[in-house]
Amino acid sequence: MDAERHLEIRAPLDQLEAEVVRRDLAHPEEIGRPRVEALRYVLSFARSTVVRNRDGQDVEVAETLVPFARRVRSTLEPLLAASQAGLWDAARALPELVAATRAARADLLDSMPLDRDSLEEEVTRRLFVVACGGGGGSGFGYAGAWMLFYRHDLQPALIAGTSMGAIIGLFRARRRRFDMAAMVDAGRRISWPRMFRLLEGGSRYGLPASVRLALHPTLGACFQDPSGRPYTLADLEIPMRIVVTGLRLGALQHDLSYYEHFLDEVVREGFAITTGRLRRVANVVQLVRELLRDPSLLREVVFGADPVTREADVLDAVGFSAAVPGIIHYDVVRDDPRMCDLLDRVFAEFDIVRLTEGGLVDNVPARVAWEAVMRGDLGRRNAFVLAMDCFAPRAMSLLFYPLQQAIRPMVLKSTRFAHLYFPLERVLSPVHLTPDLAALQRCMGWTTRELKPHLPFLKAMCATLPVLQDG
């Protein structure tokens, strides 16, 4: 069963459950906690598509549950359609729905190789999955979101990231227990001379640009074990998926030297982009449009989604994801035969000639997160996907608005797979790539304040439900 089919089955029932939760939050105890939980159990059971049993076997239940799911939808959709109605009408239909749920559950357990514990685990426990989009310095606010989630016991089961979303997400994924101190320590290390260097020498895997992103010298100590071995994606305590764009032969309209020197005149000594020359950066929009002109020449490479890329160095994966065409180049320039062999295998498998910014194929990777869950990478399929976007269109941002608009259709296509789409409103400029500690704390505060109103809904949607007892 593919991701679209899972979405087709689950989304209408997900939306009904979200409506139940929102109305309950607006009028708590209107129908009583047991009735709300029973309604949510009915809806969660009805949207089940695949259940992994105690033997590790995936059992498809969607087709068997079609008549039951149709009955639940036809009963509850009209009752929850009125915008100002409460939950009493739905509660009155509950006895009939509970009886039908018990019968469908018994039939499922009798007719399929399913054990009761595995089925109830799938229905009652929901995974919290987060997709973080790219946007340069605008993405530093994500750190505030991760801190807020940790303080409110919202433990991510999987993180999908693109570009800056992948870099900040990596600090969360390294340990199940969030270590904000590591991010602060990294912030103290970051500066233009340390992070960005004039491109010297050739490039092997990445698309050349005016400056090279130096992640290993700057952040390497944060992502290695006690022996000094760099972390791979398989070493992360929270699973992660990192989106990178693979360029196929024919994707580039110019020779490589064009990209290597695209912004040479706006990079001054110290490698800072001068304010008076920001307009030249706007030409990157045209460069991106050139690369987007034929999507068939772009390949989405998701590091962490397969056994080969799970062994990739985490800093290499996020480095390629954050390599903005014409502006920032990333490559494996150190002596690392293992990583070079891995990348050679990736290039052969995907039939690509270069790697670059993941935002060309999926700037807010909610679909990637959804596919990972529905493929069974986490065992269970019952997940809540939050998509956070730091690069949503802002008409006041004249410099970046055209680029935001250019990638908007792709973002909307991907965020269909999210249960909640959260665009950050107040952010640092995308070109603010090396903020000091005060700026980092400021943008974290912005995101925290914007996200707080959504916390009750997030916590409720991810709360474990009690099992519906047999009658």
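Our structure's up above, just so we're on the same page.
A brief report on the enclosed structure follows. This structure is a prediction, so every number in the text was calculated from the model and none was measured.

Points about empty space enclosed by the protein
And step 1. The tally for this structure, following the rule as stated, stands at five cavities of 30 Å³ or more.
And step 2. There is about 710 Å³ of room inside the largest cavity.
And step 3. Around the largest cavity, the lining is made up of 44 residues, and of these Gly135, Gly136, Val324, Pro430 and Leu433 lie nearest the centre.
And step 4. Those elements giving two or more residues to the lining of the largest cavity turn out to be α8 (164-173), α9 (180-189), α11 (215-219), α14 (284-292), β9 (326-329) and α18 (401-415).
And step 5. At four residues, the largest contribution of residues to the lining of the largest cavity is made by α8.
And step 6. For the lining of the largest cavity, the class distribution of residues is 35 nonpolar, seven polar and two charged.

Observations concerning the side chain of Thr162
And step 1. You can see Thr162 is positioned in strand β4 (residues 156-162).
And step 2. Within polar-contact distance, the side chain of Thr162 engages the backbone oxygen of Asp362 at 2.8 Å.
And step 3. Setting aside residues up to four positions removed in sequence, Thr162 forms contacts with Cys132, Gly133, Gly134, Val243, Ser321, Glu357, Gly358, Gly359, Asp362, Asn363 and Pro365.

A few points about the layout of surface pockets
And step 1. In this structure, the largest pocket encloses a volume near 310 Å³.
And step 2. Considering the residues around the largest pocket, the lining is formed by 16 residues, among which Arg126, Leu127, Phe128, Gln155 and Cys462 are closest to the centre.
And step 3. Within the residue set of the lining of the largest pocket, elements represented by two or more residues are β3 (127-132) and β4.
And step 4. Its residues assigned to classes, the lining of the largest pocket comprises seven nonpolar, three polar and six charged.

A look at the pattern of salt bridges
When charged atoms on two side chains of opposite charge get close, those side chains can pair.
And step 1. This model, assessed by the stated rule, comprises 37 salt bridges.
And step 2. If you follow the salt bridges from partner to partner, you end up with Asp14, Glu17, Arg40, Arg47 and Arg126 in one network.

Overview of the nonpolar core
And step 1. If you look at the biggest cluster of nonpolar residues, it comprises 132 residues, and the most contacted ones within it are Phe149, Phe303, Leu386 and Met388.
And step 2. Not counting the four nearest positions on each side in its chain, Phe303 is found in contact with Leu233, Met240, Arg241, Ile242, Val244, Thr309, Ala312, Ala317, Leu343 and Leu355.
And step 3. Listed in part, the 35 residues of the second largest apolar core include Leu43, Val61, Leu97 and Leu119.

Details of the packing of helix α1 (residues 3-26) against helix α17 (residues 366-374)
Two quantities define a packed helix pair, namely the angle between the helix axes and the distance between the axes.
And step 1. Here α1 crosses α17 at 90 degrees, and the two axes come no closer than 10 Å. Accordingly, the angle class assigned to the pair α1 and α17 is roughly perpendicular. Seen from α1, the contacting residues are Ala3, His6, Leu7 and Arg10; seen from α17, they are Trp370, Glu371 and Met374.
And step 2. In terms of residue class, the contact of α1 with α17 is built from four nonpolar, one polar and two charged.

Cut-offs used in this document
Residues numbered from 1 in each chain as written. Predicted model: local features only at pLDDT ≥ 70, side-chain atom pairs only at ≥ 80, totals over all residues. Heavy atoms only, no water. 1 Å grid on protein atoms, 1.4 Å probe; cavity = no way out; pocket = protein on both sides within 12 Å on 5 of 7 lines; lining within 4 Å. Points joined across faces, edges and corners; volume = space filled by probe spheres on them. Helix = DSSP H or I, 4+ residues; strand = E, 2+ residues; numbered from the N terminus. Nonpolar A, V, L, I, M, F, W, Y, C, P; charged D, E, K, R; others polar. Polar contact = N/O pair within 3.5 Å; in protein donor to acceptor, adjacent residues only side chain to side chain. Contact = heavy atoms within 4.5 Å. Salt bridge = Lys/Arg side-chain N within 4 Å of Asp/Glu carboxyl O. Core = buried A, V, L, I, M, F, W, Y, C linked by side-chain atoms within 4.5 Å. Buried < 20%, exposed > 50% of the residue type's maximum accessible area, 1.4 Å probe, protein only. Axes fitted to C-alpha atoms, helices over the stretch in contact; angles between N-to-C directions. Parallel < 35°, antiparallel > 145°, perpendicular 65-115°, else oblique.

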